[in-house]
Amino acid sequence: MRRLLFIAGLAVTGLILLVHILDVQGVRSVEEELYDQYQRLSPRPYDPNAPVRLVDIDQESLNRFGQWPWPRYIMAELTNRLRQAEVGAIGFDIFFEEPDRTSPQTWAASRRRFGAGDGDIDITGLTDNDEEFASALASWPTVLSVAGLPKAQNKIVAFKAQMNVVGDDPTQALVGFAGTTSNVDVLAKAATGLGFISLGDAKSRIVRKVPIAVNSAGVKAPALSMEVLRVAQGETSYTLKATGSQDQASLADPEPVALRVGALIVPVDSQGQLRVRYSGHQTQRIVPAWKVLEGDTAATAELAGRLVVVGTSVPGLFDIIETPLDPRTPGMQVHAEILEQVIAGTYLYRPYWATGAERGLLVLFGLLATLLGMLQRPALTLAGVLVLMSVAAGGSWWVFSTQDMLLAPLFPIAAALAVYVATTGLGIFLKERERRAVRNQFAHFIPPELINTIADDPEHQLTPSGDSRELTVMFIDVRKFSTLTESMSPETVVDFVNDFLTPLSDMILDRGGTIDKFIGDAIMAFWNAPTREPDHAGRAVETLLAMPGVLNDINTSFAPRGLPDINAGAGVNTGPCSVGFMGSRRRLGYTGIGDAVNLASRLEGQTKAYGVMNCIGDSTAQAVAGRFAMVEIDVVAVKGRTQPEPIHTVLGHAPMLQDAAFQSFKSTLAHARAAYTTQQWHRAEDAFNAIGKMSVPTLDTEALARTYLERIGEMIEFPPPPDWDGVHIARTK
């Protein structure tokens, strides 16, 4: 049970880790919601002396100066008033895409178009509204807005400042737009700067990040807030630091790291975005536009020397967005928030090691919860998991509130909680199933009080510890069993099987072997367990040499009863195995498992192909070398293994080594195989034809020769590659 609980805990932890690695969007959105909640609980402290103010074209301003859009001469007057207040710089969170329709010339042209004439109004000498506004823009550090568009536009925006790169060019990594909105030419040329006001991720309704550097149709361009900072400092360019710079490692896909604006350095994420640290709505930050236009001295004094963003808070003008702190925030406030935190150097940041730390904590919490679950004490496990969850949540909040650092606790918490649910549920299910199985199995054989003892701790009561030990493993299989028994009745088949399995089993047991199991008409046995046998390989080979006589006795007893003769093949291999009681709680068997067992089974399957009664592995052959007459018949990569294995067949005891016929056969086979492996096909054919005519006890030389001759024929027709080493790849078991 503990092993299953451990596996379940690891599986659940691995699944949570996979979700984290795949960066599933739905899960990440939950993390973003958590960061939003953190900002609500601990917003950025607002400094009333911050050098940033908003000039708000609010509803009262519209009531006093008319509906929007205002004539450009009003915008010119507003700009001039701000210049007179000696503000640091002015950024307009407003588009001026079309000429002012209220300009005298435009108005007169419209009148003439519809045959109304110019009326009695003399427009001679009147200034065009756009030119008047342009003159005001040119008189002071001013920045107009542009916005990104998904499709390219015919008109290309000429940005005012170049963005130089230190490191690898990260343009393709930046938030990109195929086109941009454009202002009236006369205004765009007059303004000191142009900056993007596109906010946030199009996939999210909440503005959490703002692009600071943008890819505008292949040109690196700044955000409105950055352009305001640039013109206020009198700078003419930016510096974008990226990976591949002196202190940043190069990446396959370059990424931005930070943007330098004069004396200020702004850290950005891999897409050139800044996560905004919001302070929320602050009335001290806002000056109504009507007060500026009407010359309110207190209002203009409040603006002196500060950076000003002009925008609107009127909902009907469609510049209302959602932020983590407020679902109805004027867009201009976001630019002001960015300016404030950049000037103050207050940033929310996610360190480069954050992802690795979260994954490490996820795995640690999953393992700890798994170990707790293996105790099978749900209340204690729950208490431990709650402690882990508290540590993760508390630590995440602490680094946010004190260090402005973003570390997400959700995945470690999810790992601990999910492992608790999985291991607790599985533990209850397995324990109940074990108790029910034990009671059903032993109810008629042992006292009820002992059933309860076993049911309470079946692992300790029923499963002794296994052992790692070198075994010599044997598989014996009767050949063509299905053909022999196809005409027999079921009762006759049972008697037939029992009558040949019994003497074969006795043959094994008499030589110190252990019967592992009967597999239909086959037997699996091994030596050196449960009792140790120093000469276990020799005992197994002795059993092989006894098998022909046992089969002969079986067939002699079958003849009077009209039963068919049987023949069998055996595979033997020696190697390390795990041996002990294995199986389910309901049925245990004393067995051995390991690669050596699998190879022994495959070797038995090869006996038919080579016409031999037995095949033994190289490890067994080395263990009994010099004590038995045996030959190496091939080097084979048996099915299911890539490592080639020399295979041998045992033909007799040690005295046979002096037999001339045996030595002749061994020498001829070695010569034939040498010619075969060196691709001397005709020499090999002659040698194997000679082998087919020899007579060797318990070995069908014709079958052995036929196997090689068929391969040689294929090799001649379809030559092997130059690096072929003579190893045969077995395609059957």
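Rules used in this analysis
Residues numbered from 1 in each chain as written. Predicted model: local features only at pLDDT ≥ 70, side-chain atom pairs only at ≥ 80, totals over all residues. Heavy atoms only, no water. Helix = DSSP H or I, 4+ residues; strand = E, 2+ residues; numbered from the N terminus. Contact = heavy atoms within 4.5 Å. Buried < 20%, exposed > 50% of the residue type's maximum accessible area, 1.4 Å probe, protein only. Pairing = 2+ DSSP bridges. Axes fitted to C-alpha atoms, helices over the stretch in contact; angles between N-to-C directions. Salt bridge = Lys/Arg side-chain N within 4 Å of Asp/Glu carboxyl O. Phe/Tyr/Trp six-rings, centres within 6.5 Å; stacked < 30°, edge-to-face > 60°. Lys NZ or Arg CZ within 6 Å of the ring centre and 35° of its normal. Core = buried A, V, L, I, M, F, W, Y, C linked by side-chain atoms within 4.5 Å.

**Structural notes on the side chain of T180**
With respect to the helices and strands, T180 occurs in strand β7 (residues 179-180). Leaving out residues up to four positions away in the same chain, T180 has contacts with A147, G148, L149, Q153, V157, F196 and S216.

**What about the pairing of strand β26 (residues 628-637)?**
Among the 10 residues in β26, 9 count as buried, and that is most of the element. Where β26 lies against strand β27 (residues 645-653), 8 bridges are found, and the strand directions are antiparallel. If you follow V636 over to β27, its bridge partner there is E645. Strand direction decides the pairing type here: β26 and strand β28 (residues 728-729), joined by 2 bridges, are parallel. Bridge pairing links A637 to I729 in β28.

**Points about unusual backbone geometry**
The linkage connecting W68 with the following residue, P69, adopts the cis geometry, with an omega of 5°. Here P69 shows up in the loop between α3 (59-65) and α4 (72-84). Positioned with a positive phi, Q376 is a non-glycine residue whose angle comes to about 60°. Within the secondary structure, Q376 sits in the loop between α12 (354-374) and α13 (378-403). Non-glycine residue D404 carries a positive phi angle of around 55°. Turning to its location among the elements, D404 is positioned in the loop between α13 and α14 (410-442).

**Observations concerning the sheet that holds strand β10 (residues 213-216)**
As a general point, the strands of a sheet are linked pairwise by backbone hydrogen bonds and lie either parallel or antiparallel. With mixed pairing, 3 strands are arranged side by side in an open sheet as β6-β10-β11. Of all the strands in the sheet, the pair left with one neighbour each is β6 (175-177) and β11 (219-222). Each adjacent strand pair in this sheet contributes to an overall mean axis angle of 35°, direction not counted. Alignment of β6 against β10, held across 3 bridges, turns out to be parallel. Its bridge partner being in β10, V175 is matched across the sheet by V214.

**Examining the pairing of strand β21 (residues 514-519)**
Across 5 bridges, the pairing between β21 and strand β22 (residues 522-527) is antiparallel. Bridging across to β22, I515 finds its partner in A525. Taking the residues that link successive antiparallel strands as the turn, the β21-β22 hairpin has 2 residues, and the phi of G520 there is positive, at about 65°.

**Some details on the pattern of salt bridges**
Tallied over the entire structure, the rule returns 26 salt bridges. The partner of R53 in a salt bridge is E302, and the shortest N-O contact between them spans 2.6 Å. In this pair, R53 is assigned in strand β1 (residues 52-57) and E302 in helix α10 (residues 297-303), connecting sequence segments 249 residues apart. When its relative accessible area of 28% is taken as the criterion, E302 is described as partly exposed. The shortest N-O distance in the salt bridge between R673 and E632 comes to 3.3 Å. Here the residue R673 occupies a position in helix α22 (residues 660-677), and E632 occupies one in strand β26, the gap between them amounting to 41 residues. Among the residues examined, R673 registers a relative accessible area of 12% and is labelled buried.

**Here's the deal with the packing of aromatic side chains**
All told, the structure shown has 21 aromatic pairs when counted by the stated rule. Between Y38 and F400, the aromatic rings sit 5.2 Å apart at their centres with planes inclined by 45°, giving tilted as the arrangement. A residue pair is termed long-range when its members are at least 10 positions apart, and Y38 in helix α2 (residues 25-41) and F400 in helix α13 qualify at 362 residues. Taken as a pair, Y38 and F400 share a single burial class, namely buried. Between Y676 and W724, the aromatic rings sit 5.4 Å apart at their centres with planes inclined by 85°, giving edge-to-face as the arrangement. Note that Y676 is positioned in helix α22 and W724 in the loop between α24 (701-717) and β28, a separation of 48 residues in sequence. When its relative accessible area of 2% is taken as the criterion, Y676 is described as buried. The exposure class assigned to W724 is buried, which follows from its relative accessible area of 16%. Cluster of aromatic residues (ring-pair linked, three or more members): Y610, Y676, W681, F688, Y708 and W724. Here the guanidinium or amino end of R64 rests over the ring plane of W290, the centre of that ring lying 3.7 Å away.

**Some remarks on the nonpolar core**
Among the nonpolar cores identified, the biggest contains 42 residues, and V55, L82, F92 and V310 are the most heavily contacted of them. In terms of residue count, α4 provides more of this core than any other element does, 5 residues in total. Excluding residues within four positions of it along the chain, V55 makes contact with L78, L82, V287, A289, V292, L303, V308, V309, V310, G311 and M332.

**Thoughts on the environment of F318**
Within the secondary structure, F318 is located in the loop between β17 (307-312) and β18 (320-321). Judged by relative accessible area, F318 falls into the exposed class, the value being 76%. Remark: the alpha-carbon pair of F318 and A525, spanning 207 residues in sequence, is separated by 84 Å.

**Observations concerning the sheet that holds strand β12 (residues 237-242)**
Read from one edge of the open sheet, 4 strands run β5-β12-β13-β14, paired in mixed fashion. A single partner strand is all that each edge strand has here, and the edge strands are β5 (162-166) and β14 (264-267). For this sheet, the mean angle separating the axes of adjacent strands, direction not counted, is 25°. Where β5 and β12 come together, 5 bridges link them in parallel fashion.

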